[in-house]
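Observations on chain architecture
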Amino acid sequence: MATDSATTTQLHGRSTELDAETGLEVDAALAGLDALDIPTAQRRPFAARAWAATWPKIGALVLFLLLWQVVVWSGWKPSYVLPGPGKALSEFGSRLGTSHFWDALARTLVRALEGYALAVVIGVVVGVAVSRSTILRTAVGSFITALQTMPSIVWFPLAILLFKLSESAITFVVVLGAAPSVANGVIYGVDYVPPLLVRVGRSMGARGFSLYRYVVAPAALPSVLAGLKQGWAFAWRSLMAGELLVIVPGHPSVGADLQNSRELLDTVGVMASMITIFVIGVIVDATFNTADQRMRVRRGLVAEGTSAVRAARGNRGRGLAGGGIEPGGGVGDGAAPDLPADAGAGGADGGHSGGGG
């Protein structure tokens, strides 16, 4: 009887070991199958990615300059009215070496940032208030869109009457041009938050500010970012119009240089100022695009950025190298891969993890 009991114990222990090994092998095999379903595009070197993002812009710029030069060669306008790109770029390059250019550029950027920052604060506050209150939405919701559609130039007569030819007049118009776009971005972002996310947040104990902080704000962030980008575009356009109309004595600016060149019939100088405005717009747009790309990576909308892809790529490498998963599809003797806790959270990253950003 003792011998039979010992034998039974040994068989039971062996069975347990086999079950454990079989479970590990099944887990490893399933992890490998899951990895096959996830796009694991190889991350290219930084130089290759930078070139891939740059050469289309360079090609478009070269094509534009070529078309510009062809129009000049056609004789449509005299060269003193429409100079070629070579003269304009040469004048732009020569301005880069002068202190006046950098003083004017600094003044313009300070005006833009101050007006835009004030517009963002006002737009966010108004957007949140309108999105939370049905009465406010009914009362002023359509007014915000009406303000957004008004050309910024129509505000300058009122701004000059209120603030004279001063910095405040320019800031007033910049804020009125940008704040409605920011407010609409917040309103539409909150409106399109899935109700399921709100219910899940409440079921997990989020109330009041916590609900907005961890659920509503991350879900509305894409629309808010689009509103911020559009708000900057309106702010920049309003600022350029303001600097053309409101020239403050002793305060050089890019717009003032553009107006002075026009009054002096200096077409080359006009083109150089326009190139300056265009370059600033491209740089700011690239900044917004970088922020948008990082947000998409964080939310799992780009294959290389999801935690599931990173985990699958790492586990696949360890399985092939360490014997966990055979290249031919068999399962080796390696231990089951250790999946991180957030391996399956790629799709939900935007709803919950995004709140940490």
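Residues numbered from 1 in each chain as written. Predicted model: local features only at pLDDT ≥ 70, side-chain atom pairs only at ≥ 80, totals over all residues. Heavy atoms only, no water.

Thoughts on the overall build of the chain
Scanning the chain from N- to C-terminus turns up 12 helices and zero strands. Of the regular secondary structure in the chain, the N- to C-terminal order runs α-α-α-α-α-α-α-α-α-α-α-α. Taken over 357 residues, the chain has a buried fraction of 34%. Taking contacts inside the chain between residues at least 6 apart in sequence as the whole, the part at least 24 apart equals 71%. When the accessible surface of the chain is summed, it comes to about 21100 Å², and 67% of that surface belongs to carbon and sulfur atoms. (Helix = DSSP H or I, 4+ residues; strand = E, 2+ residues; numbered from the N terminus. Buried < 20%, exposed > 50% of the residue type's maximum accessible area, 1.4 Å probe, protein only. Contact = heavy atoms within 4.5 Å. Areas by Shrake-Rupley, 256 points an atom, 1.4 Å probe, with all protein chains shown as cover.)

A closer look at the confidence of the model for the chain
Considering every residue of the chain, the mean pLDDT works out to 77; 72% of them sit at 70 or more. Ranking the elements of the chain by mean pLDDT puts helix α12 (residues 307-322) last with 51 and helix α4 (residues 99-132) first with 93. Note that residues 33-38 has pLDDT below 50 and, in this model, six contacts with residues that lie over four places away or in other chains. A low-confidence stretch, residues 319-357 stays under pLDDT 50, and its non-local contacts, those more than four residues away or across chains, total 57 contacts. (pLDDT = per-residue confidence, 0-100.)

A word on the packing of aromatic side chains
We describe a pair of aromatic rings using the distance from one ring centre to the other and the angle between the two ring planes. Taken as a whole and judged by the stated rule, the model has seven aromatic pairs. Taking the centre distance of 5.1 Å and the plane angle of 85° together, the rings of Phe101 and Trp102 count as edge-to-face. Since its relative accessible area comes to 7%, Phe101 is described here as buried. Trp102 gets classed as partly exposed once you look at its relative accessible area, which sits at 45%. Here the aromatic rings of Trp155 and Phe172 are separated by 6.5 Å at their centres, their planes lie at 85°, and the arrangement is edge-to-face. (Phe/Tyr/Trp six-rings, centres within 6.5 Å; stacked < 30°, edge-to-face > 60°.)

A few points about helix α5 (residues 134-149)
In this model, α5 (16 residues) spans 23 Å end to end at C-alpha, consistent with the 22 Å of a helix rising 1.5 Å per residue. Taking the largest bend as the criterion, α5 deviates by roughly 45°, centred on Val140. Residues of α5 that are buried make contact with α4, α7 (167-191) and α9 (209-245). (Expected span 1.5 Å × (residues − 1). Bend = angle between axes of the 7 residues up to and from the residue.)

Comments concerning a nonpolar patch on the surface
There is a patch of nonpolar side chains on the surface, built from Leu63, Leu66, Leu67, Val70 and Trp73 and spanning about 550 Å² of accessible area. Here Val70 shows up in helix α2 (residues 46-73). (Patch = residues over 30% accessible without salt bridge, like charges linked within 9 Å, V, L, I, M, F, W, Y side chains within 5 Å. Salt bridge = Lys/Arg side-chain N within 4 Å of Asp/Glu carboxyl O.)

Comments concerning the nonpolar core
Core analysis: the biggest nonpolar cluster contains 52 residues, and Trp232, Trp236, Leu239 and Phe288 have the highest contact counts within it. Only α2, α3 (85-95), α4, α6 (156-163), α7, α9, α10 (254-263) and α11 (267-298) provide two or more residues apiece to this core. Among the elements that line this core, the one with the most residues is α9, at 13 residues. With residues up to four places along the chain from it excluded, the contact list for Trp236 reads Thr108, Ala112, Ile277 and Ile280. (Core = buried A, V, L, I, M, F, W, Y, C linked by side-chain atoms within 4.5 Å.)

Structural notes on unusual backbone geometry
As a rule of thumb, non-glycine residues mostly have phi less than zero, and peptide bonds are mostly trans rather than cis. If you check the backbone angles, Lys164 has positive phi at about 60° while not being a glycine. Of note in the backbone geometry, Leu265 takes a positive phi value of approximately 55° without being a glycine. Within the secondary structure, Leu265 sits in the loop between α10 and α11.

Let's talk about the packing of α9 against α11
As a packed pair, α9 and α11 sit with axes 11 Å apart at the nearest point and diverge in direction by 170°. Judged by the inter-axis angle, α9 sits roughly antiparallel to α11. Packed against α9, whose contacting residues are Leu221, Pro222, Leu225, Leu228, Lys229, Trp232, Trp236 and Met240, the element α11 presents Ile277, Ile280, Val284, Asp285, Phe288, Asn289, Ala291, Asp292 and Met295 at the interface. (Axes fitted to C-alpha atoms, helices over the stretch in contact; angles between N-to-C directions. Parallel < 35°, antiparallel > 145°, perpendicular 65-115°, else oblique.)

Some details on the pattern of salt bridges
For the structure shown, the criterion picks out six salt bridges. A salt bridge links Glu167 to Arg111; the shortest N-O distance between them is 2.7 Å. Residue Glu167 is found in helix α7, and its partner Arg111 is found in helix α4; the two are separated by 56 residues along the sequence. Classification of Arg111 by relative accessible area gives buried; the value is 5%. In this structure, Lys229 and Asp285 form a salt bridge, with 3.2 Å as the shortest nitrogen-oxygen distance. Remark: Asp285 occurs in helix α11 and Lys229 occurs in helix α9; sequence separation between them is 56 residues. A single network of salt bridges, built from pairs that share partners, joins Arg107, Arg111, Glu167 and Glu243.

Examining the packing of α7 against α9
Where α7 meets α9, the closest approach of the two axes is 7 Å, and the angle between their N-to-C directions is 160°. Between α7 and α9, the angle is such that the two are roughly antiparallel. For the element pair α7 and α9, the recorded crossing hand is right-handed. The residue inventory of the contact of α7 with α9, partitioned by class, reads 15 nonpolar, 10 polar and no charged. (Left-handed = near helix turned anticlockwise from the far one by under 90°. Nonpolar A, V, L, I, M, F, W, Y, C, P; charged D, E, K, R; others polar.)

A few points about the side chain of Thr108
Along the polypeptide, Thr108 turns up in helix α4. Apart from the residues lying within four places of it in its own chain, the contact partners of Thr108 are Trp236, Leu239, Met240, Glu243, Ser253 and Val254.

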